[in-house]
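# Examining the three-dimensional arrangement
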Amino acid sequence: MELSGVAVRLGSRAVLAGVNLSVAPGEVVGLLGRNGAGKTTLLRVACGALAPDAGRVLLEGRALASTSRRERARSVALVPQDTQVPFPFSVAEVVLMGRTPHLGWLGFEGAHDLDVARAAMERMGIGALADRSVLTLSGGERQLAIVARALAQQPRLLLLDEPTAFLDLRHRLEVLTVVRELAAAGASALVVSHDLGVAARFCDRLVLLGDGRILASGPPREVLTPDLLRAAFGIEVELGFATDGVPVVVPRALAP
Amino acid sequence: MKVLRPARLVAVLAALGLVLLTAIAIGLAWGPSSVSLREALGVLFDAGSTGPAADIVRRIRLPRVAAGALVGASLSVAGVVFQALLRNPLADPFVLGISGGAALGGVAVLSLGHALGLGAGAVPVAAFGGALATTALLFGAAGVRGRLAATTLLLTGVVFNAFASAAIVFLASLGGMAEGTSIFLWLIGNLASARSELLLPLAALFALGLACALPLSRTLNLLSLGDEAAEQLGISVEIAKRVLLFATALMVGAAVSVSGLIGFVGLIVPHALRLVLGPDHRLLVPASALAGAAFLVVCDAAARSVLPGRELPVGAITALAGGPLFLALMRRQQRRGLIA
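This text gives an overview of the structure that appears in the document. For clarity, every value in this text was computed on a predicted model and none was experimentally measured. All residue numbers here refer to positions counted from 1 along the written sequence of the relevant chain. Numbering of ligands from 1 and lettering of chains from A proceed in the order in which they are written. Where totals are concerned, whole chains, interfaces and linings use all residues; where local detail is concerned, this predicted model gives features only for residues with pLDDT of at least 70, and gives and counts side-chain atom pairs only at 80 or more.

## Here we look at the overall build of chain A
In plain terms, the rule: Helix and strand assignments follow DSSP, with helices taken as H or I runs no shorter than four residues and strands as E runs no shorter than two, numbered in order from the N terminus. Between the two quantities, the radius of gyration covers C-alpha atoms and the globule rule is 2.2 Å times the number of residues to the power 0.38. Partly exposed residues are those whose C-beta has more than 12 but fewer than 20 other C-beta atoms within 10 Å; with 20 or more the residue is buried, with 12 or fewer it is exposed, and the C-beta atoms are placed from the backbone. Each residue is represented by a C-beta atom placed from its backbone, and any two residues with such atoms within 7 Å are regarded as in contact.
If you tally the helices and strands in chain A, you get nine helices and 12 strands. For a compact globule of 256 residues, the expected C-alpha radius of gyration is about 18 Å, and chain A comes in at 19 Å, within 12% of that figure. Dimensions along the principal axes, computed over C-alpha positions, put chain A at roughly 60 × 40 × 35 Å. When burial is assessed residue by residue, chain A has 48% of its 256 residues classed as buried. In chain A, the share of contacts with a sequence separation of at least 24, taken over all contacts with a separation of at least 6, comes to 64%.

## Focus: the interface of chain B and chain A
Listed per partner, the contact involves 27 residues of chain B and 31 residues of chain A. Looking at the side of chain B that touches chain A, the elements that each hand over two or more residues are helix H9 (217-223) and helix H10 (227-232) of chain B. Counting residues per element, the side of chain B that touches chain A draws most heavily on H10 of chain B, at four residues.

## Regarding the sheet that holds strand E6 (residues 76-79) of chain A
Residue and element names in this part refer to chain A. As a reminder, the rule being used: Note on pairing: DSSP must find at least two bridges between two strands before they are called paired. In this analysis, axes come from line fits to C-alpha atoms, helices being fitted only over the stretch in contact, and the angle between any two N-to-C directions falls in the range 0 to 180 degrees.
Strand order across the open sheet formed by six strands is E6-E7-E8-E3-E9-E10, with mixed pairing between neighbours. The strands lining the two open edges of the sheet, one partner per strand, are E6 and strand E10 (213-218). Averaged over all pairs of adjacent strands, the angle between strand axes in this sheet comes to 15°, irrespective of strand direction. Looking at chain direction, strand E3 (residues 28-32) and strand E8 (residues 188-192) are connected through four bridges and run parallel. The residue bridging Leu31 from the neighbouring strand is Val192, located in E8. Of the strands in this sheet, E6 and strand E7 (157-161) are in contact with helix H5 (residues 139-152), which crosses E6 at around 175°.

## Some words on helix H1 (residues 39-46) of chain A
Residue and element names in this part refer to chain A. Burial within H1 is extensive, with seven of its eight residues counted as buried. For H1, the complete set of buried residues consists of Lys39, Thr41, Leu42, Leu43, Arg44, Val45 and Ala46. At the C-terminal side of H1, Gly48 shows a positive phi close to 85°.

The following block contains the structure:
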């Protein structure tokens, strides 16, 4: 996936102003930045939900705009922030919805689709919830079901918009471990996160977004610096390193 | 892992087909002059039968049962489609104001028709015109940058329904007592004025609506997750929404034109079925058609029979029978912990 010179205006506001970003196969890229920095808009451009006002988006060498929705849905999956479901679909039914771009005209799932969905649920540790109504799940369990739906889509690019916001630490690690496994199998992932520690641990590269521009991009050690974090978030931080060299960020105070 | 298999779809629909057949037999048998179930079914399946009972069944009750079945099916399918499109299980076919527009058209003719030289035959025509005009208004007013958002649709509908009721009150106060009674009957919904020449257009519009909704029934599952999620999964959301809205608007317009505002059917039939069958629209859409038809036919049979010598508007029966039935179903599911 490659974005070059992407600009988006919503009303009179420039949400993205000339963003260049590429995600290589096998790579997990973390997208950081304060609320309203343009992270979600960037994901919407990357999955084709929003056409940029300027710039190009290429997916595996082809212009994203020239692919059909169905084709896109077979290669890109998005885990959104908001996962409200108004009707009592079972977890299995929700996960099977991920098979939509792979189904034939009649719209009935075959044995293969059921296998893929079952495997996705097992992988997210929610196999036992298959027949539960999503309305009775906790926020975290529902989030895991939505991630499982994205897995059932079998995408080559996975976009996650704060996938771990409602999750406890164990579930956070579970989701990101699965993302790493997918990357090891050749897929790529772009993950929006507010959890700097988890981002530093699980991403190959971090991209810091501020006011619609890229402030910094590189390995976690180069991006998570006090100066850059002050510029991006307006906070003072203390920086340390875990025994294996992964940066650890502890917030200290608001920047003056 | 319980998911919808084609075998279950066929089995449930076959069972509901039998329910509808039973309802039709009841609808043909019940009424002021008694006809046995056996006689009624005999007329239904044997075109050559004669006699006074056959005459009543064929000339009076059959067209009315057919109208009831088509109206019930149309309202229920429209209800289930609107509930998914608006992502709101409380939506009914009347929520978008299409019924308000139809009612306004119908009431205009009921109240001013005499002065304009229009007979009762003009009522359904004017009502359907009102429904079409409202649908056009809805598409025009609710579309923002090419998107039809659920909240804007709902708000437009609520506002238009309020406007239409005010206009109806105004029109009703222009007419006399006789007009007032017919307007009242029409607003509460009844099948007494459903004439047999309306059956063909009603059936055609119902068939058109169903032909649009059935192939899009899995899409309805995805749309109920939200527009963006559905688009993510490869659905052409805006096209699907417009096709579904337009087709169901035609169904609602046709149903209201024939029978007035029969409430509750389009709300509780889909809702009750969802409680029993689950929320998968591939099953819910055809099941709503069959169960809605059966429900309204039985309610109309009751409307003709409960008070000796007179007839209740069926709209009163649907609410009286449907309300408690629905509450009982909901309580049962809550006790089983199936819904939150």
